[in-house]
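# Chain and residue survey
What follows is each chain in one-letter form.
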Amino acid sequence: MTATTTTTTRTAARVVDAVKVYGSGDTSVRALDGVSVDFPAGRFTAIMGPSGSGKSTLMHCAAGLDTLTSGTAHIGDTELGTLDDRRLTLMRRDRVGFVFQAYNLVPTLTVVENITLPLDLAGDTGDKEWIDALIDVVGLRGRLHHRPSELSGGQQQRVAVARAFAGRPDVVFADEPTGNLDSRSGEEVLGLLGRTVRQTARTVVMVTHDPVAAAHADEVVFLADGRLVDRMTSPTADKVLDRMKAFEVPS
Ligand SMILES: Nc1ncnc2c1ncn2[C@@H]1O[C@H](COP(=O)(O)OP(=O)(O)OP(=O)(O)O)[C@@H](O)[C@H]1O
């Protein structure tokens, strides 16, 4: 697998002046309150912030799983708001990968069938060389014909990571990908995400509330009350934890 050359100025995904309001009237919640943030191509970015700060909402809107109340969301040069439902579905299928806390594997399919499922559903044979290399990156060569129930949680999440990257997406969004894992398996999956970004020049955007997880990223963006409040490059768990402590306003 050869890494393609990327420039740090290219943006894989971004939102501009993003506002998301849930509900209306007295009970409405302003989950995003004017967020502008870009996720550079070829980088691993973590989104952090206190509970309820808008992390998942930002990820869902940036990925085209949900729509903004105002502002714009872009994957590469495509503004998601300009797409009709069919084109949005195709864009998500062809250009975006997802990893969720629940691995969402199909229990009746083998590991390799799960990895290629999105391509199979799209009637696409995929890039065999790429998928073969991916299987090595995620360390599943010896498990290809097992079913998910025969794997540990960490191994299942590695299958989900391989599946997310199988179609060579522009960006993979991961929402608390280690939330169900013990710390050792979690470390493995995070190391894998970082390695995949570096070895394959892909882009990962990960939502997490865990400073140790965020430290695997190249950069951390911090949300508080639906606003972008800081960015940190070369994060360490201690530095992220210190930054998070600043959000804890004494009552
Ligand atoms: N579907 C919804 N309907 C109404 N309010 C919502 C909905 N989804 C999220 N919210 C509210 O929007 C705000 C931001 O939620 P969001 O899930 O994006 O935060 P988060 O930072 O991901 O939180 P956590 O770390 O707890 O998962 C919260 O106040 C939440 O209650």
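The chain goes by ABC transporter ATP-binding protein in an unreviewed UniProt entry, where it is assigned to Streptomyces flaveus.

Another point: the overall build of the chain. From N to C terminus, the chain includes eight helices and ten strands. The C-alpha atoms of the chain give a radius of gyration of 18 Å, which matches the 18 Å a tight globule of 251 residues would have. The C-alpha extent of the chain, read off along each of the three principal axes, is 55 × 45 × 35 Å. Residues classed as buried in the chain amount to 39% of the 251 residues present.

One finds Ile 47, Val 161, Ala 162, Leu 193 and Val 205 to be the most contacted residues of the largest nonpolar core, which totals 64 residues. Examining the composition of this core, we find that six residues originate from one element, helix H5 (residues 153–165), more than from any other. If sequence neighbours within four positions are ignored, Ala 162 has contacts with Ile 115, Leu 134, Ile 135, Val 138 and Leu 140.

For the ligand, the set of nearby residues contains 13 residues, the closest of which are Tyr 22, Ala 31, Ser 51, Ser 56 and Thr 57. When residues of the shell around the ligand are traced back to their parent elements, those giving at least two are strand E2 (29–40) and helix H1 (55–62). The biggest single contributor to the shell around the ligand is H1, with three residues.

Direction vectors running N to C along H5 and helix H6 (residues 183–200) enclose 20°, while the axes themselves pass 9 Å from each other. The angle between H5 and H6 falls in the class roughly parallel. For the pair H5 and H6, the crossing hand works out as right-handed. On H6, the residues touching Gly 153, Gly 154, Gln 157, Arg 158, Val 161 and Phe 165 of H5 are Ser 185, Glu 188, Val 189, Leu 192, Leu 193 and Thr 196.

Here we take up H6. The end-to-end C-alpha distance of H6 is 25 Å, a good match for the 26 Å that 18 residues give at a rise of 1.5 Å each. Listing the buried residues of H6 in full gives Gly 186, Val 189, Leu 190, Leu 192, Leu 193, Thr 196 and Val 197. For H6, the angular spread of the buried residues around the axis is 150°, confining them to a single face. Along H6, the residues that are exposed and aim more than 90 degrees away from the buried face are Ser 183, Arg 184 and Gly 191. Its buried side turned inward, H6 meets strand E3 (44–48), helix H4 (128–137), H5, strand E7 (171–175), strand E8 (204–207) and helix H7 (211–214). Once H6 ends, the next one or two residues include Ala 201, with phi positive near 55°.

Summing up the model confidence of the chain, the mean pLDDT is 91 and the portion of residues at 70 or higher is 95%. Interface confidence for the predicted complex, given as ipTM, is 0.97, next to a pTM of 0.91.

This next bit is on unusual backbone geometry. Backbone geometry at Asp 17 places phi at a positive 50°, although glycine is not the residue there. Here Asp 17 is to be found in strand E1 (residues 11–22). For Glu 176, which is not glycine, the phi dihedral falls at a positive 45°. The exposure class assigned to Glu 176 is partly exposed, which follows from the 19 C-beta atoms found within 10 Å.

Each value, and the rule that gives it
- Residues numbered from 1 in each chain as written.
- Predicted model: local features only at pLDDT ≥ 70, side-chain atom pairs only at ≥ 80, totals over all residues.
- Helix = DSSP H or I, 4+ residues; strand = E, 2+ residues; numbered from the N terminus.
- Rg over C-alpha atoms; globule rule 2.2 N^0.38 Å.
- Buried ≥ 20, exposed ≤ 12 C-beta atoms within 10 Å, placed from the backbone.
- Core = buried A, V, L, I, M, F, W, Y, C linked by C-beta atoms within 7 Å.
- Contact = placed C-beta atoms within 7 Å.
- Near = placed C-beta within 6 Å.
- Axes fitted to C-alpha atoms, helices over the stretch in contact; angles between N-to-C directions.
- Parallel < 35°, antiparallel > 145°, perpendicular 65-115°, else oblique.
- Left-handed = near helix turned anticlockwise from the far one by under 90°.
- Expected span 1.5 Å × (residues − 1).
- Arc of directions from axis to C-beta.
- pLDDT = per-residue confidence, 0-100.

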